[in-house]
Amino acid sequence: DSGVTQTPKHLITATGQRVTLRCSPRSGDLSVYWYQQSLDQGLQFLIQYYNGEERAKGNILERFSAQQFPDLHSELNLSSLELGDSALYFCASSVAPGYTEAFFGQGTRLTVV
Amino acid sequence: AQSVTQLDSQVPVFEEAPVELRCNYSSSVSVYLFWYVQYPNQGLQLLLKYLSGSTLVKGINGFEAEFNKSQTSFHLRKPSVHISDTAEYFCAVSEPGGADGLTFGKGTHLIIQP
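Residues numbered from 1 in each chain as written. Chains lettered and ligands numbered in written order. Predicted model: local features only at pLDDT ≥ 70, side-chain atom pairs only at ≥ 80, totals over all residues. Heavy atoms only, no water.

Draft legend 1. Seen up close, the overall build of chain B. Looking only at helices and strands, chain B features 0 helices and 12 strands. When its helices and strands are written in sequence order, chain B yields β-β-β-β-β-β-β-β-β-β-β-β. The C-alpha radius of gyration of chain B comes to 14 Å, within 12% of the 13 Å expected for a compact globule of 114 residues. Counting only C-alpha atoms and orienting by the principal axes, one finds that chain B spans roughly 40 × 30 × 20 Å. Buried positions account for 45% of the 114 residues belonging to chain B. Nonlocal contacts in chain B, meaning residues at least 24 apart in sequence, comprise 56% of its contacts between residues at least 6 apart. When the accessible surface of chain B is summed, it comes to about 5,500 Å², and 50% of that surface belongs to carbon and sulfur atoms. (Helix = DSSP H or I, 4+ residues; strand = E, 2+ residues; numbered from the N terminus. Rg over C-alpha atoms; globule rule 2.2 N^0.38 Å. Buried < 20%, exposed > 50% of the residue type's maximum accessible area, 1.4 Å probe, protein only. Contact = heavy atoms within 4.5 Å. Areas by Shrake-Rupley, 256 points an atom, 1.4 Å probe, with all protein chains shown as cover.)

In C-alpha cells:
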C-alpha cells in the first residue's frame, strides 16, 4: 500500500459527460501529480500541484482541469468526454516538487462508451 | 526536454534465468532515473532509483540497475527471475529540482515462462 488513495477505482460514463476523479496523497506529501496511461500513448504526465498551487502542466487537454484543496487532496475533472479519453488515470504524491521519489495510487480506470 | 526509450516491448525468459531490461534516456541536463513495476490491475511500485553516487543501484525483489552516463543507459537486471516477476516494467527520468514529474518509457512486458 503506497498510502495514496484514489477513488473511484472504476468509472463508466457516456461521451459528452463530465467526471471527477479524486486523489488523497500520502500523509505529509504536499505535491500531487496526475498521469494518464493509455495503450497508444503510454504513461503521460498531465499536471502537478504543490501545496494548493499549480506548478507544472504536461500533456493535459483543455477539457481537463484539476485542483488541489487546502487539505491537500486533489481532483481531476474531465469534461466533454470522448471515447479516446478511456484510460487509467494515476495520481502520485511526493514530499515536494522535484523530490526524488513519487508514490502512486492504484489508479482510476475510466471507460467512455 | 527528456525522453526515455525502452528498447524491448516484450521480453520472454525462462524461470530462474537471468534477465536484462534495457533503458536509454535523452536529456540535456543531469537526471534522476527510476524503474517502476506494474503488476496486472495495480498501480506503479518503485523498484529502484539512481540519484547520485554509486552507479550500481540495488532495489527490491533482487533487482539492480547500472547507470552509464556515457551510454545514457540505465538497464535493469535480475540474476534469476521468478514467475511472480511477470509484470510491466517502466523506466522513468526526472530532472533534479524540476517540476514536470516523471517522463516514462513505453514499458517492457516481462513474461516468465515455466
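That covers the picture; the talk isn't over yet.
Draft legend 2. Spotlight on the interface of chain A and chain B. If you look at the interface, chain A gives 21 residues, while chain B gives 20 residues. Of the roughly 1,600 Å² buried where chain A meets chain B, counting both sides, 52% is carbon and sulfur surface. Our count for the chain A to chain B interface comes out at 1 salt bridge. Across the salt bridge formed by K49 of chain B and E101 of chain A, the nearest N and O atoms sit 2.8 Å from each other. Here chain A is connected to chain B by 4 residue pairs in polar contact (both at pLDDT 80 or more). Every element with two or more residues in the side of chain A that touches chain B is listed here: strand 4 (31–38), strand 5 (42–50), strand 6 (53–57) and strand 9 (87–94) of chain A. Residue composition of the side of chain A that touches chain B, by class: 10 nonpolar, 8 polar and 3 charged. (Buried area = accessible area lost by both parts, 1.4 Å probe. Salt bridge = Lys/Arg side-chain N within 4 Å of Asp/Glu carboxyl O. Polar contact = N/O pair within 3.5 Å; in protein donor to acceptor, adjacent residues only side chain to side chain. Nonpolar A, V, L, I, M, F, W, Y, C, P; charged D, E, K, R; others polar.)

Draft legend 3. The arrangement of the pairing of strand 5 (residues 32–38) of chain B in detail. Residues and elements named next belong to chain B. Counting buried positions along strand 5 yields 7 of 7 residues, so the element is predominantly enclosed. Two strands pair when backbone bridges link them, and strand 5 and strand 10 (residues 87–94) are joined in this way by 7 bridges, in the antiparallel orientation. For F34, the partnering residue across the bridge sits in strand 10 and is A92. Examined bridge by bridge, strand 5 and strand 6 (residues 44–50) share 6 bridges and lie antiparallel to one another. Each residue of the ladder has a partner; that of F34, found in strand 6, is K49. Counting the residues in the hairpin turn of strand 5 and strand 6 gives 5 residues, including N41, whose phi is positive at 60 degrees. (Pairing = 2+ DSSP bridges.)

Draft legend 4. Representation of the state of the cysteines within the structure. Residues and elements named next belong to chain B. All chains considered together, the criterion is met by 2 disulfides over all chains. With a sulfur-sulfur separation of 1.9 Å, C23 is cross-linked through a disulfide to C91. Given an S-S torsion of about -65 degrees, the disulfide between C23 and C91 has left-handed geometry. Of this pair, C23 sits in the loop between strand 3 (19–21) and strand 4 (24–26) while C91 is found in strand 10, placing the two residues 68 residues apart along the sequence. In this pair, the class of C23 matches that of C91, namely buried. (Disulfide = S-S within 2.5 Å.)

Draft legend 5. Summary view of the nonpolar core. By size, the foremost hydrophobic cluster in this structure holds 27 residues, and its most contacted members are W35, L48, L76 and Y89 of chain B. Tallying contributions element by element places strand 10 of chain B first for this core, with 4 residues. Those residues in contact with L76 of chain B that sit more than four places away from it in its chain are V19, E20, L21, W35, L47, L48, F63, E64, A65 and Y89 of chain B. Counting 20 residues, the second-largest nonpolar core is a separate cluster that includes L21, V32, L81 and V112 of chain A. (Core = buried A, V, L, I, M, F, W, Y, C linked by side-chain atoms within 4.5 Å.)

Draft legend 6. Here's a closer look at the side chain of T108 of chain B. Residue and element names in this part refer to chain B. Counting through the fold element by element, T108 comes out in strand 12 (residues 108–113). Only 2.6 Å separates the side chain of T108 from the backbone oxygen of D8, close enough to count as a polar contact. In this structure T108 touches Q6, D8, S9, Q10, V11, L21, A87, E88 and Y89, once residues within four positions along its chain are discounted.

Draft legend 7. Broad picture of the pairing of strand 9 (residues 73–78) of chain B. Of all 6 residues in strand 9 of chain B, 5 are buried, a share of seventy percent or more. From the end of strand 8 (residues 64–68) of chain B to the start of strand 9 of chain B, which pair antiparallel, there are 4 residues, and T72 of chain B there has a positive phi angle of about 45 degrees.

Draft legend 8. Highlighting the sheet that holds strand 7 (residues 64–68) of chain A. All names here are of chain A. Ordered by their spatial adjacency, 4 strands build an open sheet running 1-3-8-7, and the pairing between neighbours is antiparallel. Of all strands in the sheet, those with a lone pairing partner are strand 1 (5–7) and strand 7, marking the two edges. Pairs of neighbouring strands in the sheet enclose a mean axial angle of 15 degrees, with direction left out of account. Here strand 7 pairs with strand 8 (residues 74–78) via 5 bridges, running antiparallel. Bridging across to strand 8, F64 finds its partner in L78. (Axes fitted to C-alpha atoms, helices over the stretch in contact; angles between N-to-C directions.)

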